[in-house]
Amino acid sequence: MNAHAGATPSTVRTTCPYCGVGCGVLSRPDGLGGAEVSGDPDHPANLGRLCSKGSALGETLGLETRLLEPRLHGANVSWSTALDHVASELSRIRAEHGPDAIAFYLSGQLLTEDYYIANKLMKGFIGSANVDTNSRLCMASTVAGHRRAFGADTVPGSYEDIDEADLIVLVGSNAAWCHPVLYQRMMRAKETRGAQIITMDPRLTATGESSDLHLPVAPGMDGALFSGLLVHLIETGLIDSAFIDDHTENFNAAVTRARQIAPDVEATARACGLAPEDVLDFFRKWATTQRVVTLTSQGVNQSAQGTDKVNAIINCHLATGRIGKPGMGPFSLTGQPNAMGGREVGGLANQLAAHMGFSPAEVDRVGRFWAAPNMARKEGLKAIDMFDAIASGKIKALWVMGTNPAVSLPRADDVRAALGKLDLFVVSENVASNDTVNAGAHVLLPAAAWGEKDGTVTNSERRISRQRAFLDLPGEARPDWWIVREVAIRMGFGEAFDYDGPAGIFAEHAALSAFENDTARDFDIGGMAGLDGRGYDALEPTQWPAPVGEINGRARMFGDGRFFTPSRRANFIAIEPPVLPASPDDAHPFTLNTGRFRDQWHTMTRTGLSQRLARHRPEPTVEIHPDDAARMGIIDGGLARVSTKHGAATLRAVVTRTLAPGALFAPIHWSDETAGGARVGSLVHSLVDPYSGQPDSKATPAAIEPAVAMRGGFIMSRRRVALPSGCIHAWSAIPGGYAARLGTDAPSGDLLAALGVCGDIASYRDVARGIERFATIGNGRLQSVLFLGGEVDETPWTGLLSTWEASTLTDAMRAALLSGRVDANVEATGPLLCACFGVPEKVVRKTIDDGALSVEMVGRACRAGTNCGSCLPEIRKLMAATLAPV
Ligand SMILES: Nc1nc2c(c(=O)[nH]1)N[C@H]1C(S)=C(S)[C@@H](COP(=O)(O)OP(=O)(O)OC[C@H]3O[C@@H](n4cnc5c(=O)[nH]c(N)nc54)[C@H](O)[C@@H]3O)O[C@H]1N2
Ligand SMILES: Nc1nc2c(c(=O)[nH]1)N[C@H]1C(S)=C(S)[C@@H](COP(=O)(O)OP(=O)(O)OC[C@H]3O[C@@H](n4cnc5c(=O)[nH]c(N)nc54)[C@H](O)[C@@H]3O)O[C@H]1N2
Ligand code: SF4
Ligand SMILES: [Mo]
């Protein structure tokens with residue numbers, strides 16, 4: 001049934017569990033718990049392509065880090081014991097303290113069906129709207145901006161509009177790394193049709209490198225830039241007055257405010273820290289190009305003025321009528337695979353299901369549809385307030401599903417401490433250990449992972465696609481919807497939670513979207529409400545809305561100029577003058593920006609298992625401008641301690657001109673599970689946007705100093721183990737284990753104890769040179785390695801890998817092991833550029849030095865960039881640097 005026509009019968013069509021591009025994946029299970037994955041040529045989002053992360057999915061299916069049994073207070077228990085405990089404690093806390101003492105914290109990585117049933121339980125049956133999601137940290141400003149402008153959370157366009165645009169503007173998006181397959185579509189539009197690409201980002205990223213114009217806008221000032229653009233559109237007469245008159249409201253108020261914020265090109269340039277000629281160049285191109293798509297991501301959303309930024313951009317599209325037509329429109333890139341699905345089911349604390357809110361009529365409507373005895377009547381607490389209420393003891397029970405808040409929320413150390421105060425702390429997880437689980441979870445519920453579960457996700461262009469299982473459920477793991485259903489039944493709500501699978505949940509969700517809708521609400525998939533199990537299994541990727549009679553869905557919204565406000569007109573918004581929420585001061589003179597690396601996904605619970613993905617950026621870093629580095633005594637490749645009012649981290653310094661003086665950039669991915677001293681989330685302030693409650697994660701005042709000299713070295717281990725505190729390291733997956741470069745003051749004895757050594761220990765000491773080397777050998781093979789002292793490069797274990805992988809150590813290997821004379825013919829490879837073919841950066845450099853004049857020639861010579869293409873922007877950058885006239 002799941003077989004894809006033309007493919008072998010065992011091939012399953014599913015969807016990538018990473019970013020919001022939503023690429024179709026073909027999985028061929030190997031019968032041993034693994035699978036080979038490739039892009040689905042028939043999926044409209046990717047037409048067969050996958051990026052480096054998607055291509056490496058097969059490497060992340062192992063069970064060694066998985067949670068495979070329910071646990072209660074640290075002991076393995078049966079499902080019935082765990083579920084009885086959760087249900088009875090939730091019921092007790094509800095009876096004693098009221099429903100608002102309970103909270104659920106969900107995730108854009110849950111499937112729509114999981115998300116729907118968790119919301120229904122909380123908002124209709126437990127009786128509180130304290131359900132929020134990591135989408136609060138991700139998409140909330142876009143949701144608020146859409147609702148202000150359109151009266152609904154509607155993404156107007158489609159990926160096809162990117163193919164057809166003549167100008168593509170990326171605001172606060174590093175799509176080359178974060179939405180790679182879609183970015184390749186943009187590059188094709190550039191190469192084949194001459195589309196221009198403009199990026200706005202305080203940093204010069206891989207995306208900016210391959211743009212026609214990069215505007216290093218000052219942090220937080222995008223609202224000023226687009227206010228200036230609105231003024232320019234009016235001054236040059238390039239607005240669409242008929243559209244404004246017929247289909248919008250509040251134009252004059254928005255224009256008056258824009259004139260105050262950014263009256264002309266010079267004022268705009270000053271506010272944004274840009275060159276006036278660049279600003280004018282951008283204004284002219286945007287104003288004179290009819291087919292323009294303005295794409296936004298976290299540089300817009302994760303901002304204390306995020307909602308205003310969204311509306312400042314939409315204002316310009318409304319003023320020109322460039323919305324709802326092919327090749328044009330504002331376009332929010334969603335982060336997680338099901339960020340959109342979460343919005344559809346009302347995952348946010350200020351939304352009800354099916355894009356409804358908390359007006360009495362809507363509460364009544366949803367309550368009748370669910371036959372809900374305890375409908376929540378008011379909005380619940382948004383993520384930051386929710387965790388503050390946990391810290392203050394107001395919320396006593398928390399159930400976390402599919403997210404790692406002890407790492408990803410701002411002020412992550414405070415969040416971690418707050419979690420320890422809960423009376424009931426439940427986590428539904430794939431992994432047995434992460435910083436949230438280790439923050440004192442009382443109950444751990446083993447959830448089915450990607451490849452084991454069935455359901456739907458919605459991508460950035462409103463396309464609903466099936467995720468399909470191709471592996472058996474391991475151990476006691478169960479799908480998230482099943483876990484929620486079992487708790488609901490035990491709380492006495494069995495009748496309303498009588499589902500026998502995701503198909504039934506989806507059908508109910510679809511029916512609710514159409515219930516008393518009559519075109520009043522954008523989200524209507526009533527056409528899918530009648531799908532039976534077979535129809536659901538066979539569901540082709542479909543864009544909503546898909547109301548009754550329109551089962552094939554709709555690519556574009558607002559083509560008729562009608563919106564979802566009461567007047568059916570779109571709203572212009574008069575935005576507030578942008579200011580940074582917290583300014584640098586003497587103690588914290590830098591501004592810390594945070595974001596993503598190409599080959600890691602969030603807190604690395606899956607990508608951290610892949611050897612290929614480990615090698616692009618093996619360690620967490622802090623980027624700093626050369627002038628600042630020189631002033632602060634920080635050297636490239638050395639360690640630096642970054643601190644804010646909320647926390648500190650010690651990271652490898654990268655000295656680079658890609659960011660401005662005064663700016664710092666650090667990746668969000670590493671945690672105490674995968675590294676030491678690298679919890680970047682603990683540094684970030686929790687100031688929020690006033691409309692969306694989304695935290696500003698991109699501009700925290702910070703200090704930086706060189707980290708005190710410590711002993712260097714490295715470690716290899718069959719498992720990731722916790723090292724003594726203060727030991728700076730980040731684990732990289734290697735064949736049959738993990739390795740990490742170290743910076744440490746800890747005595748070797750403590751490190752060996754942490755390694756949990758069993759077997760024979762071989763050791764070598766050279767006290768005069770400060771060198772100590774240890775290797776443990778058990779069952780004839782290496783179990784762990786600890787080298788301290790001496791020169792250490794980025795991947796110092798490379799020369800030991802063949803010994804590490806040997807199933808039986810030879811005498812020669814044993815003799816050479818501790819001598820430091822490791823495999824002389826294995827050269828350290830350094831960072832990997834092409835993850836697909838394992839091509840190190842230095843090989844690509846050499847290929848260019850040897851005369852390759854184009855990315856195609858590089859590809860022919862060393863294969864780099866010829867599979868998924870995620871590394872093409874970096875190859876182009878190396879070529880530009882190498883081939884530039886000197
Ligand atoms: N490789 C990878 N891909 C991912 C993810 C991942 O973890 N790894 N996560 C997914 C998720 S959930 C998300 S939400 C997306 C995020 O995708 P993106 O938003 O593209 O990624 P970020 O790196 O968070 O931030 C983007 C850029 O915003 C810039 N920025 C910071 N402040 C400002 C500002 O004031 N104005 C402007 N214009 N720009 C600013 C930063 O310098 C940064 O380069 O990625 C998705 N894709
Ligand atoms: N400073 C700073 N902080 C940020 C950001 C930033 O740019 N800067 N970005 C923010 C954004 S946009 C996002 S989206 C968040 C992401 O932050 P998180 O959501 O916290 O990160 P993940 O590592 O994706 O966490 C997902 C967890 O769910 C588990 N999991 C995966 N699939 C399933 C499943 O099907 N069921 C269950 N039950 N569990 C599952 C994984 O093992 C993992 O532990 O981080 C936010 N935090
Ligand atoms: S672009 Fe990459 S991470 Fe995103 S959905 Fe496609 S394959 Fe997955
Ligand atoms: Mo996100």
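*Asks:* In this structure, what is going on with the environment of alanine 275? I would like to understand it.
*Replies:* Within the element layout of this structure, alanine 275 appears in the loop between α12 (265-272) and α13 (276-288). For the pair alanine 275 and proline 216, spaced 59 residues apart in the sequence, the C-alpha separation amounts to 9.5 Å.

*Asks:* Could you clarify how one ought to interpret the nonpolar core in this entry?
*Replies:* Grouped burial of nonpolar side chains is what soluble globular proteins tend to show. Leu90, Phe104, Leu121, Trp370, Trp399 and Phe497 are the most contacted members of the largest nonpolar core, which totals 67 residues. Beyond its immediate stretch of four places on either side in the chain, phenylalanine 497 contacts Ile117, Lys120, Leu121, Phe125, Arg485, Ala488 and Ile489.

*Asks:* Is there a simple way to explain the sheet that holds strand β15 (residues 424-429) in this structure?
*Replies:* Note: strands within a sheet are paired through backbone hydrogen bonds, in either parallel or antiparallel orientation. Read across the open sheet, the 7 strands follow the order β5-β4-β16-β15-β14-β6-β7; overall the sheet is mixed. Across the chains shown, the open sheet's two edge strands, defined by having one partner strand only, are β5 (75-76) and β7 (131-133). As paired strands, strand β6 (residues 102-106) and β7 are joined by 3 bridges and run parallel to one another. The partner of phenylalanine 104 across the bridge, within β7, is valine 131. Packed onto the sheet, helix α21 (residues 480-493) meets β14 (397-401), β15 and β16 (443-446) and runs at close to 155° relative to β14.

*Asks:* Just to check I follow, could you spell out the side chain of arginine 365 for this structure?
*Replies:* With respect to the helices and strands, arginine 365 occurs in helix α17 (residues 360-370). Owing to a relative accessible area of 16%, arginine 365 belongs among the buried residues under this scheme. Not counting residues up to four positions away in its chain, the partners in contact with arginine 365 are Met356, Phe515, Glu516 and Arg521.

*Asks:* Honestly, the packing of aromatic side chains in this entry has me stumped. Any pointers?
*Replies:* Tallied over the entire structure, the rule returns 23 aromatic pairs. Residues phenylalanine 150 and phenylalanine 558 carry aromatic rings whose centres are separated by 4.8 Å and whose planes lie at 50° to one another, so their mutual orientation is tilted. Pair noted here: phenylalanine 150 is in helix α4 (residues 140-150) and phenylalanine 558 is in the loop between β19 (542-543) and β20 (570-571), with a separation of 408 residues, a long-range link. Judged by its relative accessible area of 0%, phenylalanine 150 falls in the buried class. Owing to a relative accessible area of 5%, phenylalanine 558 belongs among the buried residues under this scheme. The rings of Phe125, Phe493, Phe497 and Tyr499 are connected pair by pair, giving a single aromatic cluster. One cation-aromatic arrangement involves lysine 120 over phenylalanine 497; the distance from NZ or CZ to the ring centre is 5.1 Å. The positively charged end of arginine 466 is found above the aromatic ring belonging to tyrosine 536, 4.3 Å away from the centroid.

*Asks:* It is not clear to me how the packing of helix α29 (residues 841-849) against helix α30 (residues 855-862) should be interpreted in this structure. Could you clarify?
*Replies:* A pair of packed helices can be characterised by two numbers: the angle between their axes and the separation between those axes. It is at 10 Å that the axes of α29 and α30 come closest, and there the two elements cross at 115°. Of the two elements, α29 crosses α30, and the hand of that crossing is right-handed. Along its contact with α29, which presents Val843, Val844, Thr847 and Ile848, the element α30 presents Val858, Ala861 and Cys862.

*Asks:* I would appreciate a short explanation of the site of ligand 1 in the present structure.
*Replies:* In the vicinity of ligand 1 there are 35 residues, among which Asp201, Gly220, Asp222, Arg596 and Gln600 approach most closely. In the environment of ligand 1, an oxygen atom lies 2.9 Å from a nitrogen or oxygen atom belonging to the side chain of arginine 203. Take serine 297: an N or O atom from its side chain is 2.7 Å from an oxygen atom of ligand 1. Expressed as a share of its isolated accessible area of 910 Å², the protein-covered part of ligand 1 is 99%. Counting only elements with at least two residues in the shell around ligand 1, the list comes to α6 (175-178), α14 (298-301) and β21 (590-595). Broken down by class, the residue content of the shell around ligand 1 amounts to 11 nonpolar, 16 polar and 8 charged.

The rules we used
Throughout this document, residue positions are counted from 1 along each chain, in the order its sequence is written. Numbering of ligands from 1 and lettering of chains from A proceed in the order in which they are written. Totals for whole chains, interfaces and linings use all residues, but because this is a predicted model, local features are given only for residues with pLDDT of at least 70 and pairs of side-chain atoms are given and counted only at 80 or more. With hydrogens and water set aside, each side-chain value is computed from the structure's full complement of heavy atoms. In DSSP terms, a helix is any run of H or I states spanning at least four residues, a strand is any run of E spanning at least two, and both are numbered starting from the N terminus. Throughout, nonpolar core names a set of buried Ala, Val, Leu, Ile, Met, Phe, Trp, Tyr and Cys residues whose side chains join them through atoms within 4.5 Å. Type-normalised accessible area, obtained with a 1.4 Å probe on protein chains alone, sets the label of each residue: buried when under 20%, exposed when over 50%, and partly exposed for intermediate values. By the convention used here, residues are in contact when the closest approach between their heavy atoms is within 4.5 Å. A pair of strands is considered paired only if DSSP assigns at least 2 bridges between the two. Helix axes use the C-alpha atoms of the stretch in contact, all axes being lines fitted to C-alpha atoms, and the angles between their N-to-C directions lie in the range 0 to 180 degrees. Only the six-membered ring of Trp is used, alongside the rings of Phe and Tyr, when aromatic pairs are assigned; centres must lie within 6.5 Å, and planes under 30 degrees apart are stacked while those over 60 apart are edge-to-face, with the rest tilted. A ring has a charge above it when a Lys NZ or an Arg CZ is no more than 6 Å from the ring centre and no more than 35 degrees off the ring normal. When the near helix sits turned anticlockwise from the far one by under a right angle, the crossing is termed left-handed; a clockwise turn instead gives a right-handed crossing. When at least one non-hydrogen atom of a residue lies within 4 Å of a molecule or strand, that residue is treated as near it. Whenever two N or O atoms come within 3.5 Å, that pair is a polar contact, provided that in protein one can donate a hydrogen and the other can accept it, and provided that, for residues adjacent in sequence, both atoms are side-chain atoms. Where accessible areas are quoted, they stem from the Shrake-Rupley method and a 1.4 Å probe; at the residue level, only the protein chains shown are allowed to cover. Three classes are used, and their members are as follows: Ala, Val, Leu, Ile, Met, Phe, Trp, Tyr, Cys and Pro are nonpolar, Asp, Glu, Lys and Arg are charged, and the others, Gly among them, are polar.

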